[in-house]
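In case you want the letters, here they are:
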Amino acid sequence: MKDVSHRPTGSRDNSKRELKPGFDAIEYSKMVLVFPRISLKPEVEAYLLSVFKNKEILANIQSEQSNFKFESLLSRLSHPPAFTCIRVNTCAASTDQVKKLLTEELQKQCKGWPMSDIPVLEHPELPDVLLIPVIGPRINLQRHSIEVIVGAQCGNAVLRGAHVFIPGILSAPKLMRDGDAVSVYSDIGGKCKRGAVEFMGSKTFVGNGIAEISRNEIFSSNCTLRGVGIRMTEPVYISPSFDNVLPSLLFLQNLPSVVVSHVLDPKPGERILDICAAPGGKTTHIAALMNDKGEVIAMDKIANKVKKIKQNAENLQLKCIKVFCYDGTKALAKESNWDGQAGPPFLPESFDRILLDAPCSGLGQRPNMACDWSLKEITSYPPLQRKLFRVAVNLLKPGGILVYSTCTITLAENEEQVAWALDSFPCLSLQSQEPHLGEEGMMGAGLSNDQRQLLQRFDPASVTEGHTSVSCSDLDSSQIEHLIKSANKDTIGFFIAKFLKMQDG
Ligand SMILES: C[S@@+](CC[C@H](N)C(=O)[O-])C[C@H]1O[C@@H](n2cnc3c(N)ncnc32)[C@H](O)[C@@H]1O
């Protein structure tokens, strides 16, 4: 693959622009050797390919380049992001204090690992973010003859630093005993039957571990057993585990999700609505950015998930959060004599800022080796997103800010929603975002270059390098600086748009 360079954004000459591919062919083949690219239903893959090779894109870049970018994207999705991102609860501790405590914690965890230390790095633009490099992929791990098959979700969690919990185990050989060294495989096709003694279907190796329970105990018990079933000793990607580590001081969050609340830019004393809030990652961040002063209303439609928001707010000891189980599409009060102070529904123009972190197809999540959703499911979200958006615009005060975000990669749920919003609500204007760490918006929704530049799309295919595979104690400061730059690119797929509701709109 030729290495070609960017032309300045916005320049349109007659020859097709050749975009620099996300990463080079060697890096690409290395990645697909470790894990196959994400497996999708053929209809879904065909749909996504048509999105990533839409007319506007093909008028600007070569078909071969867009194919490569698409393949790179699918391949990146089955691997974890290059960093674990930790948001510091700045209401309870400084970033420096948490950095010291985490460094001590990591030194303890490093004892079983092949490197002497893993650094805790500060993000240069986000003062409340600490980054820990994910080490791997380790391609030369020896496999054991005892094979344990786990569900795809469980396999994904292992790649982000988890041990295997008993409910995630689908198959283990008859003779497996507590203390056996085993190799763990993810059932990416979803075909393994629970309790099978062996599995010959399509599976992907995610690492080695030690069984903490025998096969008999796992599958002959009448009740569902909990707890760790396989303690991972050699995962393909090394990522520290933060289960119950400093729960009042930190929150594990993907980097683009942390960017969202900074873009919303809430101020102490304001009244903020987080319309789809569970489990409360962004809600608690918003409250922390407001120094716990003001009012953050967190709503979600699903009762169990609402409990999670309450739990997270309690863990982080944030008092300005009020949580409601409520359908956001019904959150606009119809009766003008309703005061809306106690809870939803709310009167029009009640909030200074609103976050709509919309329910979406979630195709940007990583690692994700298999998605068995139909095209109907994948394309079902835009109408719900528009209903929620309409309510949010009505609930926003003139002069207020609305941030719309998703963790997916489709045009229909992102740039096309922005084009629809600008068309439907003349009172809205697109705003620039601070910080802007992602790429510009994608072509294909009829937005101008200027409009696309105001959007923020985190695109895993824009990564140019692989994960860290060396011992970090050997890295010098310029290598660390270089490493941090990739933290803004090698993330989950994500999208952010920021709107102002104009005073005279
Ligand atoms: C992307 S998640 C939100 C993540 C959350 N903002 C965070 O950062 O932790 C979308 C949420 O929307 C909720 N949801 C779906 N439909 C809804 C509706 N009609 N009203 C309110 N919440 C809804 C889902 O239950 C889900 O928790």
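To be clear, the structure that these remarks concern was listed above.
Source: prediction; values computed, not measured.

Novice: Hey, could you go over the site of the ligand for me, with residue numbers and the actual values?
Specialist: The full set close to the ligand counts 18 residues, and C276, A278, G281, G328 and D357 are the nearest of them. Every element with two or more residues in the shell around the ligand is listed here: α9 (281-289) and β13 (295-300). A class-by-class count of the residues in the shell around the ligand yields 7 nonpolar, 5 polar and 6 charged.

Novice: Describe helix α8 (residues 255-264), and please don't skip the residues or the numbers.
Specialist: Counting buried positions along α8 yields 10 of 10 residues, so the element is predominantly enclosed. Looking only at α8, the buried set comprises L255, P256, S257, V258, V259, V260, S261, H262, V263 and L264. One or two residues past the end of α8 sits D265, with phi positive at roughly 55°.

Novice: An account of the environment of C192 is requested, with residue identities and associated values reported.
Specialist: Note that C192 resides in the loop between β8 (181-187) and β9 (204-211). For the pair C192 and V150, spaced 42 residues apart in the sequence, the C-alpha separation amounts to 8.6 Å. Setting aside its immediate chain neighbours within four residues, C192 contacts I149, L170, S171, D187, F199 and G201.

Novice: Outline the sheet that holds strand β10 (residues 228-235), listing residues and values.
Specialist: Here 6 strands make up an open sheet; going across it, the order is β6-β10-β9-β8-β5-β7 and the pairing mixed. One side of each edge strand has no neighbouring strand; the edge strands of this open sheet are β6 (164-165) and β7 (169-171). As defined by bridge partners, β9 adjoins β10 across 5 bridges and the pair is classed as antiparallel. Its bridge partner being in β10, G209 is matched across the sheet by M232.

Thresholds, definitions, all that
- Residues numbered from 1 in each chain as written.
- Predicted model: local features only at pLDDT ≥ 70, side-chain atom pairs only at ≥ 80, totals over all residues.
- Near = placed C-beta within 6 Å.
- Helix = DSSP H or I, 4+ residues; strand = E, 2+ residues; numbered from the N terminus.
- Nonpolar A, V, L, I, M, F, W, Y, C, P; charged D, E, K, R; others polar.
- Buried ≥ 20, exposed ≤ 12 C-beta atoms within 10 Å, placed from the backbone.
- Contact = placed C-beta atoms within 7 Å.
- Pairing = 2+ DSSP bridges.

Honestly, it's all geometry; don't read function into it.
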